[in-house]
Amino acid sequence: MSRLARLEGSARFLALVKLANVGLVLIWGFAVTFVFVRVLPIAEFQAFLLLVAFGNFTISAEFGLTSIIYARLRRHWLGGAEGDGGFRLEEMGVLFFFLGLLVVGASLILIAALALGWLSTGLPLLFLLFFLSACLNLPALLAKRALAAVDGNFLWEGLDCARRVVTIALLLAMLAGMDPRLSVALQLGVSIVVIGYAIGHVHRRLDMKRSHWLAFRVGGGHVRAHYLRDIGASAAFTVSDIVAYNAPYFTIALVTSDPRPMLVFDFFFKMSRSLSMLVRATVEAALPRITRAYHAGDRARLRHLLGRALGAAMIFALGLSAVLLLAGDRLFAILFDGRATIDRADITLIIVALFALTLLCVSVYVQAALGRFAELFARSLPFLLGSLASAPLALLLWPDPFDLAFLGLYALTLLAVAGLHIVSLHRLMCA
């Protein structure tokens, strides 16, 4: 066994390299806000936050198809009995084609929004370039999920680490005077090179031929014949989930013109993204063993592994909560260049929401890897309803202070949904 294979088989080393990459992703995410809030006027920055929300929506709008590919390809790689409905290489080409159409379609919507003034900005080229660079995470996700399914995590993590280092440097170069459009264009080029290499490695790892990528009729026919139920449930869950996570950006903008509530929610969103990425790295490091235990029917082993994953995730939640209690107000002021303040009550509600989100994330990542999309969709609907209703209800019932009322309702929604996911995990471990 090669050294790389030994590292790949170690959940501990795999978790470490994933966490290192997560650290770079978090730095990049915070650097985006840190830089753009300083190089853009406040009105442009508010428009930029809406662009980021639309980018998040687009990235998530692959309808969970890469999760389906992971679940199917993982079962195939582990030698599970699938019959004629098993994984076929032609599916990769169909999925890649769909992701390309998604990026093109979303870009056309953005261009229309910029041209018609729906998204008001004096920097349309910068917004478009940033959006395209964000959308490249779709093919990156395809490469990541495919490599993970065939025990090839380390190469991807190394490539992505290198990509993040370069893009962070280019981002910070704006503060030294680099034209923002040039910076984002160079970031776009670096991402294309790295993701292209990763897709090429997927091609070699799966021993694919060029015809597999272009066999849309064969791949599409196989998808229609065997995967429609999973695709429908996954698409419904993904749409529900992404709307639930991003809706407050738009509902807050509809009910108030005060920038502070949106900045407070954006702060929570960044904290939640940070935590969810740490949790995902931990769970993904355990997924090779969790999926083996599940497909082998070893429920005792499955309960043990899920318990360890949940415990590790809660440690991250505790750590982030401690940071927020000690320095949350200073971090908020630094992040948003002192343009708003956050108080202890806001921070307390954010911490409550983050603990609920931790349990929810563990459940979602594990169940998606096992292909339990119908269960996830059912659990996402209460979250969707609560997310959409939080801002209007806060304005109606407790308009002063609006931001505190909104955060309270949003945290309550996450607590209720976390309770539903506890029931789901219990059924999974006892089935």
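A brief structural summary.

Structural notes on the packing of helix H15 (residues 344-369) against helix H17 (residues 402-430)
Line of reasoning, step 1. Between H15 and H17, the least distance of the axes is 8 Å, while the angle of their chain directions is 25°. Regarding the angle of H15 to H17, the classification is roughly parallel. By crossing handedness, the relation of H15 to H17 is classed as left-handed.
Line of reasoning, step 2. A class-by-class count of the residues in the contact of H15 with H17 yields 21 nonpolar, 5 polar and 2 charged.

Brief notes about helix H5 (residues 90-116)
Line of reasoning, step 1. Look at H5: 40 Å from first C-alpha to last across 27 residues, which is about the 39 Å you get at 1.5 Å a residue.
Line of reasoning, step 2. Backbone geometry just after H5 places Gly 117 at a positive phi near 85°.

Examining a nonpolar patch on the surface
Line of reasoning, step 1. Among the surface-exposed residues, Phe 97, Leu 101, Leu 214 and Phe 216 lie close enough to one another that they form a single nonpolar patch of about 410 Å² accessible area.
Line of reasoning, step 2. Take Leu 214: it is sitting in helix H10 (residues 210-214).

Here's the deal with a positive patch on the surface
Line of reasoning, step 1. Together, Arg 12, Arg 289, Arg 301 and Arg 308 line one region of the surface with positive charge.
Line of reasoning, step 2. Position of Arg 301 among the secondary structure elements: in helix H14 (residues 299-335).
Line of reasoning, step 3. The exposure class assigned to Arg 301 is partly exposed, which follows from its relative accessible area of 33%.

Description of the nonpolar core
Line of reasoning, step 1. With 131 residues, the main nonpolar core has Phe 36 and Met 92 as its most contacted residues.
Line of reasoning, step 2. Look past the residues within four positions of Phe 36 in its chain and what remains in contact with it is Phe 45, Phe 48, Leu 126, Phe 130, Leu 171, Met 174 and Val 184.
Line of reasoning, step 3. Core analysis: the next-biggest nonpolar cluster, separate from the first, contains 6 residues, Leu 26, Met 277, Leu 278 and Ala 281 among them.

Here we look at helix H9 (residues 180-205)
Line of reasoning, step 1. An ideal rise of 1.5 Å per residue puts 38 Å on 26 residues; H9 measures up with 37 Å between its terminal C-alpha atoms.
Line of reasoning, step 2. Buried within H9 we find Ser 183, Val 184, Gln 187, Leu 188, Ser 191, Val 194, Ile 195, Ala 198, Ile 199 and Val 202.
Line of reasoning, step 3. Looking at the residues trailing H9, positive phi occurs at Asp 207, about 55°.

Focus: the packing of helix H16 (residues 373-397) against H17
Line of reasoning, step 1. Between H16 and H17, whose axes approach to 8 Å, the crossing angle comes to 170°. With respect to H17, the element H16 is oriented roughly antiparallel.
Line of reasoning, step 2. Partitioned by chemical class, the residues of the contact of H16 with H17 number 16 nonpolar, 6 polar and 3 charged.

Conventions used here
- Residues numbered from 1 in each chain as written.
- Predicted model: local features only at pLDDT ≥ 70, side-chain atom pairs only at ≥ 80, totals over all residues.
- Heavy atoms only, no water.
- Axes fitted to C-alpha atoms, helices over the stretch in contact; angles between N-to-C directions.
- Helix = DSSP H or I, 4+ residues; strand = E, 2+ residues; numbered from the N terminus.
- Parallel < 35°, antiparallel > 145°, perpendicular 65-115°, else oblique.
- Left-handed = near helix turned anticlockwise from the far one by under 90°.
- Nonpolar A, V, L, I, M, F, W, Y, C, P; charged D, E, K, R; others polar.
- Expected span 1.5 Å × (residues − 1).
- Patch = residues over 30% accessible without salt bridge, like charges linked within 9 Å, V, L, I, M, F, W, Y side chains within 5 Å.
- Areas by Shrake-Rupley, 256 points an atom, 1.4 Å probe, with all protein chains shown as cover.
- Salt bridge = Lys/Arg side-chain N within 4 Å of Asp/Glu carboxyl O.
- Lys, Arg positive; Asp, Glu negative; His and termini not counted.
- Charge placed at Lys NZ, Arg CZ, Asp CG, Glu CD.
- Buried < 20%, exposed > 50% of the residue type's maximum accessible area, 1.4 Å probe, protein only.
- Core = buried A, V, L, I, M, F, W, Y, C linked by side-chain atoms within 4.5 Å.
- Contact = heavy atoms within 4.5 Å.

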